[in-house]
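The chain contents come next:
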Amino acid sequence: MDYARLLFSFNGRINRARYLAVQLALLTFWLVLWLKSPFGQWEVLQAGAVIAMLWINAATTAKRLHDRNRSGWWAIAVLIVNPLSYVYYALFFGLYFGVDVSAAREMLLVMGAVALSVLQTWMVIELFFLIGTDGRNRFGADPTRSAKLPVMSHPQSFGVPDFLLQRAGPVARG
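Residues numbered from 1 in each chain as written. Predicted model: local features only at pLDDT ≥ 70, side-chain atom pairs only at ≥ 80, totals over all residues. Heavy atoms only, no water.

Attention now goes to the pattern of salt bridges. Here the structure, examined in full by the defined rule, presents five salt bridges. Between Arg68 and Glu126 there is a salt bridge, with its nearest N and O atoms 3.0 Å apart. In this pair, Arg68 sits in the loop between α3 (43-67) and α4 (74-96) while Glu126 sits in helix α5 (residues 103-129), placing the two residues 58 residues apart along the sequence. With a relative accessible area of 16%, Arg68 lands in the buried category. We note a salt bridge from Arg70 to Glu126, for which the minimum N-O separation is 2.8 Å. With Arg70 in the loop between α3 and α4 and Glu126 in helix α5, this pair connects stretches of sequence that are 56 residues apart. What you see here is one network of salt bridges that share partners, running through Arg13, Arg64, Asp67 and Asp142. (Salt bridge = Lys/Arg side-chain N within 4 Å of Asp/Glu carboxyl O. Helix = DSSP H or I, 4+ residues; strand = E, 2+ residues; numbered from the N terminus. Buried < 20%, exposed > 50% of the residue type's maximum accessible area, 1.4 Å probe, protein only.)

The next thing to look at is the layout of surface pockets. If you add up the space inside the largest pocket, you get close to 760 Å³. Forming the walls of the largest pocket are 22 residues, and the residues nearest its centre are Gln23, Leu27, Asn57, Asn82 and Tyr86. Elements with a contribution of two residues or more to the lining of the largest pocket: α2 (16-35), α3, α4 and α5. Here the lining of the largest pocket gets seven residues from one element, more than from any other, and that element is α2. Per-class residue counts for the lining of the largest pocket are 17 nonpolar, five polar and no charged. (1 Å grid on protein atoms, 1.4 Å probe; cavity = no way out; pocket = protein on both sides within 12 Å on 5 of 7 lines; lining within 4 Å. Points joined across faces, edges and corners; volume = space filled by probe spheres on them. Nonpolar A, V, L, I, M, F, W, Y, C, P; charged D, E, K, R; others polar.)

A cluster of nonpolar side chains, Leu20, Leu24, Leu27, Trp30, Leu31, Trp34 and Leu35, forms an exposed patch at the surface whose accessible area comes to about 750 Å². Considering the arrangement of structural elements, one finds Leu20 in helix α2. (Patch = residues over 30% accessible without salt bridge, like charges linked within 9 Å, V, L, I, M, F, W, Y side chains within 5 Å. Areas by Shrake-Rupley, 256 points an atom, 1.4 Å probe, with all protein chains shown as cover.)

Put into structure tokens, the structure is as follows:
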């Protein structure tokens, strides 16, 4: 898979490793942008970089969801829930530091924060930990099975459970 298709296309599937690599690269790039924030005429360039990063995040998230046999439209929910959770956490810090809020509003904030935390936890599990659909699905071929790797005739035991060894490469049929 070429990098342009990996980063900018919404079609196809990517596995957990590629998704994690892209997310870590985006996080690093964002951190560098934030720490070395240029002033003046560079603001337009910085805004362009942020838009490109959002596009890359949406495209890779959609492809990761495709690997899980989910619609890529769920990527919109992922992109909305994260900033929304920052708003809730900011409100909690405001409550902690003495902002006067009625008990009913405070309870609604707590319930909303718990719901968002559960949703964020599920998104992390879904995107980073769960294995994609085995074999071909409606979004394309399995990205972990597409490489032509030699099949070992006598697999050796490395102290790793068998299900991990079988998923790491092509299944030996025979």
